Amino acid sequence: MMNAADRRGPAIEPREIKQEGESGVRITWADDHICHYTAAELRRACPCAQCVNEWTGQRVLKPETVAQELTISDLSIVGRYALNFRWSDGHETGIYSFRYLRDLCEEEKE
């Protein structure tokens, strides 16, 4: 019998999370894949209810309203499954699951 984790594939776990300067993050995953993110691209992809309509899934945050110069004021791990950022624009409610972060990285390659 397959459980939910088996259907999704192996757990996505970071081996190292490193802030690069004021506006970058590098994640080295357990499978040795390395992803680089900028603060602006992560903020534009914020999954919180203020930025994405909970009912429709439609993005409410307009990407052009996020300054390219945005920086990361703070970065913290949420449980064993996600990251939370506090941005220089004061926003801090997004919880970025490791799966979501890996998916964002994979989309960049396409």
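In case you missed it, the structure is sitting above this.
What this report covers is the structure whose coordinates are included nearby.

The rules we used
- Residues numbered from 1 in each chain as written.
- Predicted model: local features only at pLDDT ≥ 70, side-chain atom pairs only at ≥ 80, totals over all residues.
- Heavy atoms only, no water.
- Buried < 20%, exposed > 50% of the residue type's maximum accessible area, 1.4 Å probe, protein only.
- Helix = DSSP H or I, 4+ residues; strand = E, 2+ residues; numbered from the N terminus.
- Pairing = 2+ DSSP bridges.
- Axes fitted to C-alpha atoms, helices over the stretch in contact; angles between N-to-C directions.
- Salt bridge = Lys/Arg side-chain N within 4 Å of Asp/Glu carboxyl O.
- Phe/Tyr/Trp six-rings, centres within 6.5 Å; stacked < 30°, edge-to-face > 60°.
- Disulfide = S-S within 2.5 Å.

Here strand β2 (residues 24–29) lies mainly inside the structure; six of its six residues are buried. Residue alternation in β2 divides its side chains into two sets, Gly24, Arg26 and Thr28 and Val25, Ile27 and Trp29, and both sets are buried. The pairing of strand β1 (residues 14–20) with β2 spans six bridges and is antiparallel. Bridging across to β2, glutamine 19 finds its partner in valine 25. The hairpin turn running from β1 into β2, its antiparallel successor, is three residues long, and glycine 21 in that turn takes a positive phi close to 65 degrees.

Taken together, three strands build an open sheet; the order of strands is β1-β2-β3 and the sheet is antiparallel. Where the open sheet ends on each side, the last strands, each with one partner, are β1 and β3 (34–38). Neighbour-to-neighbour, the strand axes of the sheet open up by a mean angle of 15 degrees, direction not taken into account.

One pass over the structure, following the stated rule, counts nine salt bridges. Across the pair aspartate 31 and arginine 102 runs a salt bridge, and its minimum N-O distance is 2.9 Å. Taken together, the residues aspartate 31 in the loop between β2 and β3 and arginine 102 in helix α3 (residues 98–109) connect sequence positions 71 residues apart. Residue arginine 102 is classed as buried on the basis of its relative accessible area of 10%. The salt bridge involving glutamate 106 is made with arginine 102; its shortest N-O contact spans 2.8 Å.

Within this structure, the stated rule accounts for five aromatic pairs. Relative to tryptophan 87, the ring of phenylalanine 85 has its centre 4.7 Å away and its plane inclined at 15 degrees; by these criteria the two rings are stacked. Note on phenylalanine 85: relative accessible area 1%, which makes it buried. Centre to centre, the rings of tryptophan 87 and tyrosine 96 are 6.4 Å apart; their planes meet at 75 degrees, and the pair counts as edge-to-face. Both residues of the pair, tryptophan 87 and tyrosine 96, count as buried.

As enumerated under the stated definition, the model contains one disulfide in all. The disulfide that involves cysteine 35 links it to cysteine 105, with 2.1 Å between the sulfurs. Where cysteine 35 bonds to cysteine 105 through sulfur, the torsion about that S-S bond is close to -95 degrees, and the disulfide is left-handed. Here cysteine 35 is found in strand β3, whereas its partner cysteine 105 is found in helix α3, with 70 residues between them in sequence. Assessed through its relative accessible area of 8%, cysteine 105 is described here as buried. Unpaired in terms of disulfides, cysteine 51 finds its nearest cysteine sulfur in cysteine 48, a separation of 3.8 Å.

Everything listed here is a matter of geometry and, on its own, says nothing about what the molecule does.
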